[in-house]
Amino acid sequence: MAFSNTYLLSPSSLYKLNPVLFSARRRSITLSRFHLRILKPRFLAVAASQNGGVFTSPEIAKSFDFTSEERIYNWWDSQGYFKPKYDGGGESFVVSMPPPNVTGSLHMGHAMFVTLEDIMIRYNRMKGRPTLWLPGTDHAGIATQLVVERMLASEGIKRVDLGREEFTKRVWEWKEKYGGTITNQIRRLGASCDWTREHFTLDEQLSQAVIEAFIKLHEKGLIYQGSYMVNWSPNLQTAVSDLEVEYSEEPGTLYHIKYRVAGGSRDDFLTIATTRPETLFGDTAVAVNPEDERYAKYIGKSAIVPMTFGRHVPIIADKYVDKDFGTGVLKISPGHDHNDYLLARKLGLPILNVMNKDGTLNEVAGLYSGLDRFEARKKLWAELEETGLAVKKEAHTSRVPRSQRGGEIIEPLVSKQWFVTMEPLAEKALEAVQKGELTIMPERFEKIYNHWLSNIKDWCISRQLWWGHRIPVWYIVGKDCEEDYIVARSHDDALRKAQQKYGKDVEIYQDPDVLDTWFSSSLWPFSTLGWPDVSAEDYKRFYPTSVLETGHDILFFWVARMVMMGIEFTGTVPFTHVYLHGLIRDSQGRKMSKSLGNVIDPLDTIKEFGTDALRFTLALGTVGQDLNLSTERLTSNKAFTNKLWNAGKFVLQNLPSPNDTSAWESLLAHKFDKEEHLIGLPLPEYWVVSKLHILVDAVTTSYDKFFFNDIARELYDFFWGDFADWYIEASKAHLYQSEDKEITSISQAVLLYVYENILKMLHPFMPFVTEELWQALPNRKEALIVSPWPLTSLPRNLTTIKRFENLQALTRGIRNVRAEYSVEPAKRISASIVANSEVIQYISREKDVLALLSRLDLQSIHFTDSPPVDANQSVHLVAGEGLEAYLPLADMVDISAEVQRLSKRLTKMQNEYNALVARLSSPNFVEKAPEDVVRGVREKASEAEEKLNLTKTRLSFLQSTILVSE
């Protein structure tokens, strides 16, 4: 069948053509010839011509196709929309993306930060601010080295066999091959980053920034080298920071061991309890509490450390010892316990290290030298039992420190490392929050931030790895490493300095360690903009940045350190706001983990529900609070996407034909930005425009305050409730029933105006479907991603809103009565509306809207200021103060048949209620049945009684109606 441009169809033909738009209940509507034009792919052709066929119109697609998301994203990128524009001037808005590990694969944590940051970026871009989102990845020293070492191990190759240079080369090759995985996945989430400015923490520019930062801190005396207690990872053979150690409650063993008192009898001994007996070779004292009378006589004497061939250590007293833990006697091993280390430094005790870097015991352990720490523990206990020094062992739960990366048990170990003195840096970071230069959201995290910085420890920044930023320190061959070293920007610079001091024949070599990955990451917000070159264009234009958005679990890892470094090197905070999101948990509130099998993959979620539904769901979380992610939530928000799509279909199908110049001139002539433009609008249009203008103000304020969950709920409620459920339905009276072309034009203009503003406000949350729908609308001169944000402070009328709410209340009341009496949906009934003259005036003007929404017979709606004569035979409802309705029963039901039906139903209900009462009257049941069962029966009885009374009331009313009619 060949289609012409326009068709004049009957209502039944319309239904056959589009059963979604023209449902069965609407087939009885009388349509004018003007509104019977159904136009073939009208706007599809227009949209295709505007954007080269990139987009699909909802006029031909049943729902939004998720597979089009990548196509839309690539189009945005190709058009340069992700780059900052300076045309409008104004203050820039800049976000530095927390650089994901180059080894990473997309998880829900990434999905959360990408969603929230992209919302910020898209909103500010539409506000006309020069907007920049800086992407990048982190070299992830430990994680990346582990990945490549495992890869090499599968080939039978060890890192040490390759040597540093060749191994580093292999890592770079791995990075080039696999390092882009995470950024490509981030693109799938719709991240509108400026990818032309993408950085990697080992880029030349950032590497120079790291060297410069180290040198500056060293010149100020804030970097030093020394042997101190660190967290040591034996498998990785590197120090890790306190923040990279996770503690877990694990079952273990508490070993009780005899320490004989030197010079005493066989009965003079102290029993210590320890979870790590292998460290006794490093004991330098035995301590008791000075108030513990059990051991007072031994204070000042010496104890013999077991299995050490008689080595003596002093027995000392210190309040640090807990009398009630174990036996109340503490072995002091300063080389292998953080608390013991601090106590030894306070008391001047020697420090013994009994462990090699690989977790085996060293020569200090004598015959146990070379054994793995756990093997040594077993062997030692067996020999203690043989010698009678083992008292007992018992089950004990303790906090075990494990590496966040490798999962192995961490060893406290004294090791020579490089440290940053943190206290003077922390003072400035604390001051920034106190002065209001930095705002942390939610506010409760300020206390945590302040507490950590107020109790900060010096930062161990060296790592014994090959992958990372090499420490810019060179040593002199033949000289003491701790006394004679050179800090320089390069090998040549170091050699020149060494020759000036030691002569031209001097030989130098670089420190083998690399810097902690977090050291380079702490420079991220300003190093990516060109620092230390403060004359760099990006640095001058975009620094300091606007917001740092990240998970609250790295408030110390990264956020606080960036604040400290930013103030130290640039003289200002690196960002003005810190927005902290919570964890994504499963539907039961459990942390996602592979062991629980509850990990939700973002990419799988996108395939099933679409990116927009995922983003909208994640954005509904409250700032700083954990979010429980469920299939039900995702399904609901997928339905929201479909509802948005169907609303677009309705809008498009009810706009004038593109070639109807006159109709479009009329439509576009309607403006809504001034009070005088709104006064003449029909009530539904005046109401929805007023509600829209209120919403724009509220949503804009919430965007500026980062209240994203409030925005999502407000937009959801307005679109689904006010626009889709009420205005679209109300507009059909003007679109399909009105003979007045001007009224039709107004409704079309309002539909388009409200819908396009909904798309604008939703775009930061749901970028793909909103762009697709935007492009399908006629006369689109620019992409939604760069379209201007809706104007604020536009006119609204609260009286009009109240009037339409009265109409809504009346409609709901009539709908409820229809439902209560099971009136067939297609049946039109009569109604008498009782109100004062003012209410009648504005309600009667919308008689056709009321009839359509409430399924009333348009010719049988009567307006009066007093009850009708048949009030006794009508259902009376009160819609609000001064607004009532009477619905004749005879219009809705066969009264006699209904009385018979209810009488039978009442008998059955009475019997069911009596049975429940009888059970509750039985002492045997009440006293012997489980409490929850009894409670359940009571609840059923209460509910049955309520329904029984309602049915009696209704039956009585119907019977009285029959009597009146007789």
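This one's a predicted model, so the numbers in the text were calculated from it and none came from an experiment.

A count of helices and strands for the protein gives 34 helices and 29 strands. Over its C-alpha atoms the protein spans a radius of gyration of 38 Å, topping by over 25% the 30 Å that the globule rule assigns to 966 residues. Reported as C-alpha extents along the three principal axes, the dimensions of the protein are approximately 120 × 85 × 55 Å. Classification of the 966 residues of the protein by burial places 54% in the buried group. Intrachain contacts of the protein at a sequence separation of at least 6 include 76% that bridge at least 24 residues. For the protein, the accessible surface area stands at approximately 43,000 Å², while carbon and sulfur atoms represent 49% of it. In the protein, the 112 positive side-chain charges and the 125 negative ones have mean positions that sit 3 Å from each other.

This next bit is on the nonpolar core. Judged by nonpolar contacts, the single largest core of 162 residues is most densely connected at Phe708, Phe723, Phe765, Leu810 and Met892. Among the elements that make up this core, the one with the highest residue count is helix α25 (residues 708-737) (14 residues). When sequence neighbours within four positions are dropped, the list of residues in contact with methionine 892 reads Val817, Tyr821, Val823, Lys827, Ile829, Val875 and Leu887.

Relative to the assigned elements, glutamate 729 resides in helix α25. Judged by relative accessible area, which is 18%, glutamate 729 ranks as buried. Polar side-chain contacts of glutamate 729 include one of 2.9 Å to the side chain of lysine 732.

Take the packing of aromatic side chains next. Tallying each qualifying case throughout the model produces 49 aromatic pairs. Centroid distance tyrosine 73 to phenylalanine 82: 5.2 Å. Interplanar angle 50°. Geometry classified as tilted. One exposure class covers both tyrosine 73 and phenylalanine 82, and it is buried. Ring geometry for tryptophan 174 and tyrosine 178: centres 5.6 Å apart, planes at 40°, overall tilted. Of the two residues, tryptophan 174 and tyrosine 178 are both situated in helix α7 (residues 164-178); the distance of four residues between them amounts to about one turn of the helix.

Let's shift gears to the pairing of strand β28 (residues 874-880). Alignment of β28 against strand β29 (residues 883-888), held across six bridges, turns out to be antiparallel. Opposite valine 878, over in β29, you have glutamate 884 as the bridge partner. Following β28, the chain reverses through two residues before pairing antiparallel with β29; glycine 882 in that reversal takes a positive phi of roughly 80°.

With antiparallel pairing, three strands are arranged side by side in an open sheet as β19-β18-β20. Looking along the sheet, the strands with just one partner apiece sit at the ends: β19 (485-487) and β20 (508-510). Each adjacent strand pair in this sheet contributes to an overall mean axis angle of 30°, direction not counted. As judged from the three bridges shared by strand β18 (residues 473-476) and β19, these two strands associate in the antiparallel manner. Bridge pairing in β19 places tyrosine 475 opposite tyrosine 485.

Right, let's get into helix α14 (residues 491-502). For α14, which comprises twelve residues, the first-to-last C-alpha distance of 16 Å matches the rise-based estimate of 16 Å (1.5 Å per residue) to within 8%. Among the residues of α14, Asp493, Ala494 and Ala498 are the ones counted as buried. Looking down the long axis of α14, one finds its buried residues gathered within 130° of arc, a one-sided arrangement. Summarising the geometry of α14, the exposed residues directed more than 90 degrees from the buried face are Asp492 and Gln500. Tucked inside the fold, the buried residues of α14 contact β18, β19 and β20.

When two helices pack together, you describe them by how their axes are tilted relative to each other and by the distance separating the axes. In contact at an axis separation of 9 Å, helix α28 (residues 798-820) and helix α30 (residues 847-854) are set at 35° when each is read in the N-to-C sense. As α28 runs across α30, the sense of the crossing is right-handed. The residues of α30 that touch α28, namely those facing Leu807, Leu810, Thr811, Ile814, Arg815 and Arg818, are Val849, Leu850, Leu853 and Ser854. Counted by class, the contact of α28 with α30 contains six nonpolar, two polar and two charged residues.

Pairing in this open sheet of four strands is antiparallel, and the strands run β6-β5-β14-β16 from one edge to the other. The sheet is open, and its two borders are formed by β6 (238-240) and β16 (459-460), each paired with just one other strand. Together, β5 (223-233) and β14 (411-420) form the strand contacts of helix α10 (residues 338-347), whose direction differs from that of β5 by roughly 145°.

This part covers the pairing of strand β8 (residues 269-274). Of all the six residues making up β8, five are buried; the element is thus mostly covered by neighbouring parts of the structure. Relative to β8, strand β7 (residues 245-261) runs antiparallel, the two being bridged by six bridges. Across the sheet, the residue bridging to arginine 260 is phenylalanine 269, located in β8.

Between α28 and helix α29 (residues 837-845), the least distance of the axes is 10 Å, while the angle of their chain directions is 80°. Of the possible angle classes, the one that applies to α28 and α29 is roughly perpendicular. On α29, the residues that touch Arg803, Asn806, Leu807 and Leu810 of α28 are Glu838, Tyr842 and Ile843. Its residues assigned to classes, the contact of α28 with α29 comprises four nonpolar, one polar and two charged.

Conventions we followed
- Residues numbered from 1 in each chain as written.
- Predicted model: local features only at pLDDT ≥ 70, side-chain atom pairs only at ≥ 80, totals over all residues.
- Heavy atoms only, no water.
- Helix = DSSP H or I, 4+ residues; strand = E, 2+ residues; numbered from the N terminus.
- Rg over C-alpha atoms; globule rule 2.2 N^0.38 Å.
- Buried < 20%, exposed > 50% of the residue type's maximum accessible area, 1.4 Å probe, protein only.
- Contact = heavy atoms within 4.5 Å.
- Areas by Shrake-Rupley, 256 points an atom, 1.4 Å probe, with all protein chains shown as cover.
- Lys, Arg positive; Asp, Glu negative; His and termini not counted.
- Charge placed at Lys NZ, Arg CZ, Asp CG, Glu CD.
- Core = buried A, V, L, I, M, F, W, Y, C linked by side-chain atoms within 4.5 Å.
- Polar contact = N/O pair within 3.5 Å; in protein donor to acceptor, adjacent residues only side chain to side chain.
- Phe/Tyr/Trp six-rings, centres within 6.5 Å; stacked < 30°, edge-to-face > 60°.
- Pairing = 2+ DSSP bridges.
- Axes fitted to C-alpha atoms, helices over the stretch in contact; angles between N-to-C directions.
- Expected span 1.5 Å × (residues − 1).
- Arc of directions from axis to C-beta.
- Left-handed = near helix turned anticlockwise from the far one by under 90°.
- Nonpolar A, V, L, I, M, F, W, Y, C, P; charged D, E, K, R; others polar.
- Parallel < 35°, antiparallel > 145°, perpendicular 65-115°, else oblique.

Functional significance is not addressed by these values, which are geometric in nature.
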